[in-house]
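These are the residues of each chain, in order.
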Amino acid sequence: MSQSPSASTRSCSRVRGIAGRAARDAQGLGAAVGNIICPHNIVAGAATVGLAGREAEVLRRTLVPCLVVLVLGGVLVSVLLMF
């Protein structure tokens with residue numbers, strides 16, 4: 001189910017000349033990447049799998065994959081916006 005872009009996304013899209021769907025998708029990518037390193041999610045996940053007290057280690061181990069996803073996603077969105 002696809003949601004329509006928010007008013008701020010549509011406004012930003014018009015100013016920058018970006019297609020609304022591409023802007024929404026890029027915004028979703030940013031939200032997903034932010035969710036990877038969200039402290040609340042790390043604490044909840046660590047407690048769930050028995051790693052309570054080792055949240056810093058979990059965060060350190062997720063930073064590299066997070067950066068890889070961010071860079072690859074950014075490159076993909078940039079390439080898609082060129083066409």
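Everything numeric here is computed off the predicted structure, so don't read it as measured data. (Residues numbered from 1 in each chain as written. Predicted model: local features only at pLDDT ≥ 70, side-chain atom pairs only at ≥ 80, totals over all residues. Heavy atoms only, no water.)

### Structural notes on the confidence of the model for the protein chain
Phase 1: Confidence along the protein chain averages 82 in pLDDT terms, with 77% of residues attaining 70 or more.
Phase 2: Considering each helix and strand of the protein chain separately, the mean pLDDT is smallest for helix α1 (residues 7-16), with a value of 59, and largest for helix α3 (residues 39-48), with 94. (pLDDT = per-residue confidence, 0-100. Helix = DSSP H or I, 4+ residues; strand = E, 2+ residues; numbered from the N terminus.)

### Details of the packing of α3 against helix α4 (residues 55-82)
Two quantities define a packed helix pair, namely the angle between the helix axes and the distance between the axes.
Phase 1: Across the interface, α3 lies against α4 with an axial gap of 9 Å and an inter-helix angle of 115 degrees. Considering the angle they form, α3 stands roughly perpendicular to α4. Note on packing geometry: the crossing formed by α3 with α4 is right-handed. In this structure, α3 contributes Ile-42, Val-43 and Ala-46 to the contact, and α4 contributes Glu-55, Val-58 and Leu-59. (Axes fitted to C-alpha atoms, helices over the stretch in contact; angles between N-to-C directions. Parallel < 35°, antiparallel > 145°, perpendicular 65-115°, else oblique. Left-handed = near helix turned anticlockwise from the far one by under 90°. Contact = heavy atoms within 4.5 Å.)

### Some details on the packing of helix α2 (residues 20-36) against α4
Phase 1: Running from amino to carboxyl end, α2 crosses α4 at an angle of 175 degrees, the nearest separation of the two axes being 10 Å. By the angle between their axes, α2 is roughly antiparallel relative to α4. Between α2, through Ala-22, Ala-26, Leu-29, Val-33 and Ile-36, and α4, the contact on the second element is made entirely by Thr-62, Cys-66, Val-69, Leu-70, Gly-73, Gly-74, Val-77 and Leu-81.
Phase 2: Its residues assigned to classes, the contact of α2 with α4 shows ten nonpolar, three polar and no charged. (Nonpolar A, V, L, I, M, F, W, Y, C, P; charged D, E, K, R; others polar.)

### Points about the pattern of salt bridges
Phase 1: Across all of its chains, the model carries two salt bridges by this definition.
Phase 2: The partner of Arg-54 in a salt bridge is Glu-57, and the shortest N-O contact between them spans 3.1 Å.
Phase 3: For Arg-54, a relative accessible area of 41% corresponds to the partly exposed category. (Salt bridge = Lys/Arg side-chain N within 4 Å of Asp/Glu carboxyl O. Buried < 20%, exposed > 50% of the residue type's maximum accessible area, 1.4 Å probe, protein only.)

### Structural notes on a nonpolar patch on the surface
Phase 1: A cluster of nonpolar residues, Ile-36, Ile-37, Leu-59, Leu-63 and Val-69, forms a patch on the protein surface that exposes about 330 Å² of accessible area.
Phase 2: Ranked by the residues each element gives to the nonpolar patch, the list is headed by α4, at three residues.
Phase 3: For Val-69, a relative accessible area of 38% corresponds to the partly exposed category. (Patch = residues over 30% accessible without salt bridge, like charges linked within 9 Å, V, L, I, M, F, W, Y side chains within 5 Å. Areas by Shrake-Rupley, 256 points an atom, 1.4 Å probe, with all protein chains shown as cover.)

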